[in-house]
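# Secondary and tertiary structure notes
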Amino acid sequence: MCQNFITMHLYNRHRRLRKNESIRSLIRENSLTPNDFILPIFLAEGQGVKEEITSMPGIYRQSLDNTIKEVKEIWDLGIKAVNIYCKVSDNLKDNTGKESWNPNGLMQNTIKAIKDAVPEMIVMPDVALDPYSVYGHDGIIKNGEVINDETVDALVKMTLSHAEAGADFVAPSDMMDGRIGAMRMALEENGFHNVGIMTYAAKYASSFYGPFRSALDSAPVDGENIPQDKKTYQMDYHNSEEALREAIADVEEGADILMVKPGMAYLDIVKLVKDNLQVPVSVYQVSGEYAMIKAAVEKGWLDNDKVILESLTAFKRAGADLISTYFAKEAARLLNK
Ligand code: PBG
């Protein structure tokens, strides 16, 4: 009698809905598909180049020929979007970033080549000056400061060159003020009504970008009068209301998709933005997050496949519609099984 007392009065048994995989899948609230993914890709000059990024096992800097092969491969896996980043050689870097709007630059040629090879692939080139900057900053430097408005002028030129090359969306990751409005206006005035903007609306000054900066050789350089971090433009990670102000401003200026970055440590920000603004939200699971998981997997401390799917599903649960992730290919393979 005594032994049954508690169970007899227990009407709510949450475990009924977890009894087996069938019921678990029937009541599931969120799901992950390859349609959710954007794959970030790293471009290098040359032919036949495929260099693994040391801190990102399985991720490569590739020349255009190899990139096109990969883009065809990921299309067949169901991935429908790529973010493009270019490694720019030192002799093309300066303080104006002018290589970034060269109509025959690596970025512009890559956009064209991907659209020729897989026309339906959504091509989202990164818009920011850091890979083109001798100082490794996302803007032009004057008197020790990253100056906003001249940088925005440069970003607008870069945006138009991407649109001319055939980009579907531009993805500004620079965090200058007013750049979305300036880009939108320039796109409209030049007839690019259908080119969208996926803005890095809430991008934090984060230490999780380390592997990316070594992949592109784009870290801020040492030097007198050169800011040693990006804290005057990227956000302070102590704040969340500020993310909402950034996101609202970008929507008002004409952004189509809002991105939050980094990902796993910023799920509260994803939820905040999604709950307050009825627009598509994307999240970027950045290089350091990829590196952490892969390092633990290499040590045998985490299960690769399970951790990938769990971390990506958490983004969906937080409210993300799209996920930019270096795991896109691996995850798509797992989901297609
Ligand atoms: C630069 C840029 C960065 C990333 C995307 N665009 C680095 C930075 O802001 O320093 C990071 C992406 C990653 O870590 O995967 N505009």
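Residues numbered from 1 in each chain as written. Predicted model: local features only at pLDDT ≥ 70, side-chain atom pairs only at ≥ 80, totals over all residues. Heavy atoms only, no water.

## Regarding the site of the ligand
- Of all residues adjacent to the ligand, which total 17 residues, the nearest are Arg 213, Lys 230, Lys 261, Ser 287 and Tyr 326.
- Side-chain polar atom of Asp 138 to a nitrogen atom of the ligand: 2.9 Å apart, as the coordinates give it.
- Separating an oxygen atom of the ligand from a side-chain N or O atom of Tyr 326 is a distance of 2.6 Å.
- Here the ligand has 410 Å² of accessible area as a free molecule, and 100% of this is covered by the chains.
- A per-class count over the shell around the ligand returns 8 nonpolar, 3 polar and 6 charged. (Near = heavy atom within 4 Å. Polar contact = N/O pair within 3.5 Å; in protein donor to acceptor, adjacent residues only side chain to side chain. Areas by Shrake-Rupley, 256 points an atom, 1.4 Å probe, with all protein chains shown as cover. Nonpolar A, V, L, I, M, F, W, Y, C, P; charged D, E, K, R; others polar.)

## A few points about unusual backbone geometry
- The amide bond that connects Lys 261 to the next residue, Pro 262, takes the cis arrangement and shows omega of -5°.
- Secondary-structure assignment places Pro 262 in the loop between strand S10 (257-261) and helix H9 (267-276).
- The phi dihedral of Met 175 falls on the positive side, at around 70°, and the residue is not glycine.
- Secondary-structure assignment places Met 175 in the loop between strand S8 (169-172) and helix H6 (179-189).
- Despite not being glycine, Asn 225 shows a phi value in the positive range, around 65°.
- With respect to the helices and strands, the residue Asn 225 is situated in the loop between helix H7 (210-216) and helix H8 (241-252). (Helix = DSSP H or I, 4+ residues; strand = E, 2+ residues; numbered from the N terminus.)

## Considering the pairing of strand S3 (residues 56-62)
- As judged from the 2 bridges shared by strand S1 (residues 37-43) and S3, these two strands associate in the parallel manner. The residue of S3 that forms the bridge with Leu 43 is Gln 62.
- Across 4 bridges, the pairing between strand S2 (residues 50-53) and S3 is antiparallel. By the bridge assignment for S3, Lys 50 is matched with Gln 62.
- Where S2 folds back on S3, the antiparallel hairpin that results is connected by 2 residues. (Pairing = 2+ DSSP bridges.)

## Topic: the environment of Leu 32
- Relative to the helices and strands, Leu 32 is located in the loop between helix H2 (21-26) and S1.
- Through-space distance from the C-alpha of Leu 32 to that of Asp 321 is 9.9 Å; in sequence the pair is 289 residues apart.
- Apart from the residues lying within four places of it in its own chain, the contact partners of Leu 32 are Phe 37, Leu 309, Leu 312, Thr 313, Lys 316, Ile 323 and Leu 335. (Contact = heavy atoms within 4.5 Å.)

## Describing helix H10 (residues 287-298)
- Helix length check: H10 (12 residues) gives 16 Å between terminal C-alpha atoms against 16 Å at 1.5 Å per residue, within 8%.
- Among the residues of H10, those classed as buried are Ser 287, Gly 288, Glu 289, Tyr 290, Ala 291, Ile 293, Lys 294 and Ala 296.
- Residues of H10 that are buried make contact with S3, H7, strand S11 (281-285), helix H11 (304-318) and helix H12 (328-336).
- Remark: Gly 300 follows H10 within two positions and exhibits a positive phi of approximately 80°. (Expected span 1.5 Å × (residues − 1). Buried < 20%, exposed > 50% of the residue type's maximum accessible area, 1.4 Å probe, protein only.)

## A few points about the packing of aromatic side chains
- Under the counting rule described, the total for this entry stands at 9 aromatic pairs.
- For the pair Tyr 290 and Phe 327, a centre-to-centre distance of 4.6 Å together with 40° between the ring planes defines the contact as tilted. With Tyr 290 in helix H10 and Phe 327 in the loop between strand S12 (322-325) and H12, the pair connects residues that are 37 residues apart, well separated along the chain.
- We classify Phe 327 as buried; its relative accessible area is 0%.
- Each residue in the set Phe 42, Tyr 85, Tyr 200, Phe 212, Tyr 284, Tyr 290, Tyr 326 and Phe 327 is aromatic and connected to the rest through ring pairs, giving one cluster.
- Against the face of Tyr 60 rests Lys 50, its NZ or CZ located 4.5 Å from the ring centre. (Phe/Tyr/Trp six-rings, centres within 6.5 Å; stacked < 30°, edge-to-face > 60°. Lys NZ or Arg CZ within 6 Å of the ring centre and 35° of its normal.)

Such coordinate-based values are descriptive only and should not be taken to indicate function.
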